[in-house]
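Residue strings, one per chain:
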Amino acid sequence: MPFILSQVIDACRWVGALLVLAVHATNMFVNLADIMSAPHSSFVYAWWFVVSFELGHQAVVGFFVISGYLVGGAVLAYLRKQQDFLREYLIHRFARIYIVLIPALLLTVVLDGAGRVLFLASGVYDLPVFQGHFAPRLFVTNLLNLQSILSEFFGTNGPLWSLACEFWYYITFPLLLLPLARNYSLGLRLAGFLFGVALCWVFATSSHWFRWGYLLWAMGALATLAQRPPITSRWLALALYAGVVIPVRLLVRGPLLAAYPWLQDAADLMTAVFLVNFVLALRFSPEEGWALFRPKLHKKLADFSFSLYSIHLPVLVFFRAAVAQAMGASWPQQPATPAHWMTLAAAMSLAVGAGYLFSRYTEAHTGAARRYLRQMLARFERIAPSQSAPAP
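A short tour of the structure in this document, coming up. In this text, all values refer to a predicted model and were calculated from it rather than measured experimentally.

Glancing now at the state of the cysteines. Following the criterion strictly, the structure yields zero disulfides and no others. Cysteine cysteine 200 is unpaired, with the sulfur of cysteine 165 as its nearest cysteine sulfur at 11 Å. Note on cysteine 200: relative accessible area 13%, which makes it buried.

Below, the structure written as structure tokens:
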């Protein structure tokens, strides 16, 4: 992958995670309901425009496209080389997901449990959005990555819905394409394909976003097959992407979206197409230029973006409950004052710091987790033949 594309992808990862965090934190601590009826500073107007639900949603769409490009594209590369890949591929994917998911769910248990006891009077954990989400069975279904597909999310950790979709894209995509991997036996290829079809059918009939998100994810994967970019100028490709995202931010909202719900899917498809176009322009562009994306800071921030995304909401909800307990349950919903903006900054700083520390004990050890899985599989393979051998 060209260096400039790698750096832009890293920048998109951490900026997207930070944007999602900012959207959730703003909704909890800053009330901008009077944005159109009362005067505000240019900073507040800019914050309102950028830190919006729709742009946060488009950041998640971007995650799906980039994930498809990186992970699905790797599957297509393996198939073209006609080499065995399933074992190593699954080790990589399981380690990548579960070294973060399991601790994230455990942290959710701790924070939600403590918050429900310490800040009971705040009423935050009794909000309708969280009712019924603390059942132990949901911990199990979320551990199996079934949240938002076959079950609700666990506790306050709603953002894990996207992780469930991506995990099953990781699993089903190579299975659906397994008939093309002629280096495997016909029986394995057929069984894998049928299993992949069965999984997709069950999940797609249960979740609109699973089937729609799969299209966006697959677009990223198929982009790796392109031999040349539709547009060679990366500046023009970036301008076109921005030219789509900005109208989407302004139009796909409020009464218009309520009247025409299909606008959301149409907007997602358009932004995904133009993001793929931008990625391809970078892939085939010269390495020089765009000094903004050359610092190593992008990779350092991207290295804990997954952790930040996976734990930020339980952290924010815990902090919101603490603030509501201290200041009054209605205080966060009052018109924004400097104190509210300071609280927002504190909440985001707390979440970023927690995400970084969390990543040092989880995401940073992904390589070690992969080595451990390889060792466990090798040990199992040595034991299995000896157990099946006939007694002398």
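What follows continues from the structure just given.
Let us now look at the side chain of glutamine 7. For glutamine 7, the location among the structural elements is in helix α1 (residues 3–29). Accessibility expressed as a relative area gives 4% for glutamine 7, which makes it buried. Residues contacting glutamine 7, with those up to four places away along its chain left out, are Phe293, Arg294, Pro295, Lys296 and His298.

Let us look at unusual backbone geometry. Unusually for a residue other than glycine, asparagine 145 sits at a positive phi of about 60°. Its location among the elements puts asparagine 145 in the loop between α5 (136–143) and α6 (160–177). Phi at serine 148 is positive, roughly 75°, even though this residue is not glycine. In this fold, serine 148 is placed in the loop between α5 and α6.

Turning next to the pattern of salt bridges. The tally for this structure, following the rule as stated, stands at four salt bridges. We note a salt bridge from arginine 13 to aspartate 10, for which the minimum N-O separation is 3.3 Å. Here arginine 13 pairs with aspartate 10, and both are found in helix α1, just three residues apart, close to one helical turn. Grouping residues by exposure puts arginine 13 and aspartate 10 together as buried. With a closest N to O distance of 3.2 Å, aspartate 303 and lysine 299 form a salt bridge.

About the cut-offs
Starting afresh in each chain, residues are numbered from 1 along the sequence in its written order. Totals for whole chains, interfaces and linings use every residue, but because this is a predicted model, local features are given only for residues with pLDDT of at least 70 and side-chain atom pairs only at 80 or more, for both listing and counting. For the side-chain quantities, the full set of heavy atoms in the structure was used; hydrogens and water were omitted. Disulfides are defined as cysteine sulfur pairs within 2.5 Å. Three labels apply to residues, based on accessible area from a 1.4 Å probe with only protein chains included: buried if under 20% of the type maximum, exposed if over 50%, partly exposed otherwise in between. Elements are defined by DSSP. Helices are runs of H or I of four residues or more, strands are runs of E of two residues or more, and each kind is numbered from the N terminus. Residue contacts are defined here by distance: any two heavy atoms, one from each residue, within 4.5 Å place the two residues in contact. Salt bridges are identified by distance alone: a Lys or Arg side-chain nitrogen within 4 Å of an Asp or Glu carboxyl oxygen.

These results come straight from atomic positions and should not be treated as a statement about function.
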